[in-house]
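Examining the three-dimensional arrangement
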Amino acid sequence: MLRVVLDLDDPYVVAYRQIHAISSPSGEMVEILERSSCYGGSAWARYHYSKGPLVVSSRNLGEWFRYLVRTGEVDLDLISSRRSAGISSVFVKGDEVEITYTGLGGGGVGATFTRARAGDVIRSRTTEAGGGRVATGTIVVPRRERLVIGVDNTDSKTTGATWSLVHNIAEKVDRYEARYISHSLVQLFPVPTKTQNCVSTAVEFACIPGREREMVEDFRKLLERYTVSDETGMVVCRSFDPSMLLEYAKRCRLERVSYEEALNAARSAGLEIVMDGQGLIGAVAAVPYFAESDRSVVPEWLCEER
């Protein structure tokens, strides 16, 4: 039997699937989103990168590793096996974000080639990496803005589930201009009018400013086409930090909230109301729980009882 000889195109590079940068309006804060191809490697990077002075916080959500960073430049005091790599600079330059990574040895390979070859990177420059040397890699990605869509009430007592429909729509409308990043099910207070579990949904996109409208319209059309409810609610939030809705959302998770209160909360927060059925109550409540998938599924009223 003839055996096929297996080859590796590049045995020491595991390229990230995508890297994005969501900037605050002022450009002083950036959230770096890295879509991993190897969880173990990304977990190692998160441990070391989180020790850097530019990193405010870090977390992972599924295959996405997220770093909230201050913009600027620092000297990294790298120490083998203890602090082997990090983010040494982040700059917002017009409609682009420039990120520089620095690392020792294998950390230098991760800091250079694995990120330079990620999807949606515009351009990059890297030094030699590997062995005992210090290496640096700079990538340039589009400056993106956060967009969160909240949806509720798409099903009936016999058909459908909001979370699955919203996920499938978000995957379908994903594109370069508007990348689908996260999905959260938000447990609400079980009101008498619920269909079954009283859960709304938030999906997060990283968008090129001014180029997200077509995605939102495609999302709306698919939602209107496939919902089986006449009371669907859909809202769009364009904010780096939608925490202004958290107080309202917590109330929705603890008690029954009126439709008028939902309207007021949406308008006060500057949300775009796309579909205005009774599901608007839960749709608005879902928004501040974007990328909080583990926290948002916990019934808030049970936490209060404890």
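Just above, that's the structure.
Right, let's walk through the structure included here. (Residues numbered from 1 in each chain as written. Predicted model: local features only at pLDDT ≥ 70, side-chain atom pairs only at ≥ 80, totals over all residues. Heavy atoms only, no water.)

Re the overall build of the protein chain
- Tallying secondary structure elements over the protein chain gives 10 helices and 13 strands in all.
- A globule of 306 residues ought to have a C-alpha radius of gyration of about 19 Å, and the protein chain, at 21 Å, matches this closely.
- With the C-alpha coordinates of the protein chain rotated into their principal frame, the extents come out at 65 × 55 × 45 Å.
- Considering the protein chain as a whole, with its 306 residues, one finds that 52% of them fall into the buried category.
- A fraction of 66% describes how many contacts in the protein chain between residues 6 or more apart in sequence connect residues 24 or more apart. (Helix = DSSP H or I, 4+ residues; strand = E, 2+ residues; numbered from the N terminus. Rg over C-alpha atoms; globule rule 2.2 N^0.38 Å. Buried < 20%, exposed > 50% of the residue type's maximum accessible area, 1.4 Å probe, protein only. Contact = heavy atoms within 4.5 Å.)

Re unusual backbone geometry
- Backbone geometry at Asn 153 places phi at a positive 65°, although glycine is not the residue there.
- Relative to the helices and strands, Asn 153 is located in the loop between strand E9 (134–152) and helix H4 (162–173).
- One non-glycine residue, Ala 291, adopts positive backbone phi at about 55°.
- Looking at the element boundaries, Ala 291 is found in the loop between helix H8 (280–286) and helix H9 (293–296).

Some words on the side chain of Arg 35
- Along the chain, Arg 35 falls in strand E2 (residues 29–35).
- Side-chain polar atoms of Arg 35 contact the side chain of Glu 63, separated by 2.6 Å.
- For Arg 35, the contacting residues outside a window of four places in its chain are Tyr 16, Arg 17, Gln 18, Glu 63 and Trp 64. (Polar contact = N/O pair within 3.5 Å; in protein donor to acceptor, adjacent residues only side chain to side chain.)

Considering the nonpolar core
- Residues Tyr 248, Leu 271 and Val 284 are the most contacted members of the largest nonpolar core, which totals 30 residues.
- Setting aside chain neighbours within four positions, we find Val 284 in contact with Val 235, Leu 245, Tyr 248, Ala 262, Ala 265, Ala 266 and Leu 271.
- One finds Val 55, Ala 111, Ala 116 and Val 141 within the second-largest nonpolar core, a separate group that totals 23 residues. (Core = buried A, V, L, I, M, F, W, Y, C linked by side-chain atoms within 4.5 Å.)

Overview of the environment of Ile 181
- Within the secondary structure layout, Ile 181 lies in strand E10 (residues 178–187).
- Taking relative accessible area as the criterion, Ile 181 reaches 6% and is therefore assigned buried.

Thoughts on the packing of H4 against helix H5 (residues 213–226)
- It is the contact of H4 with H5, at a shortest axis distance of 10 Å, that shows an interaxial angle of 140°. Between H4 and H5 the crossing geometry is right-handed. Residues Leu 165, Val 166, Ile 169, Ala 170, Lys 172 and Val 173 of H4 touch H5, and the partners they reach there are Met 215, Asp 218, Phe 219, Leu 222, Leu 223 and Tyr 226.
- When the residues that make up the contact of H4 with H5 are grouped by side-chain class, the tally is 10 nonpolar, no polar and two charged. (Axes fitted to C-alpha atoms, helices over the stretch in contact; angles between N-to-C directions. Left-handed = near helix turned anticlockwise from the far one by under 90°. Nonpolar A, V, L, I, M, F, W, Y, C, P; charged D, E, K, R; others polar.)

Overview of the pattern of salt bridges
- Enumeration over the complete set of coordinates arrives at 24 salt bridges.
- Among the ionic pairs, Arg 175 bridges to Asp 218, the shortest N-O distance being 2.9 Å. Here Arg 175 is found in the loop between H4 and E10, whereas its partner Asp 218 is found in helix H5, with 43 residues between them in sequence.
- With its nearest N and O atoms 2.9 Å apart, the salt bridge here joins Glu 272 to Arg 238. Separated by 34 residues along the polypeptide, Glu 272 in strand E13 (residues 272–276) and Arg 238 in the loop between strand E12 (233–237) and helix H6 (246–254) bring together distant segments of the chain.
- Classification of Arg 238 as partly exposed rests on a relative accessible area of 38%.
- Members of the salt-bridge network, linked through shared partners, are Glu 31, Arg 66, Arg 146 and Glu 204. (Salt bridge = Lys/Arg side-chain N within 4 Å of Asp/Glu carboxyl O.)

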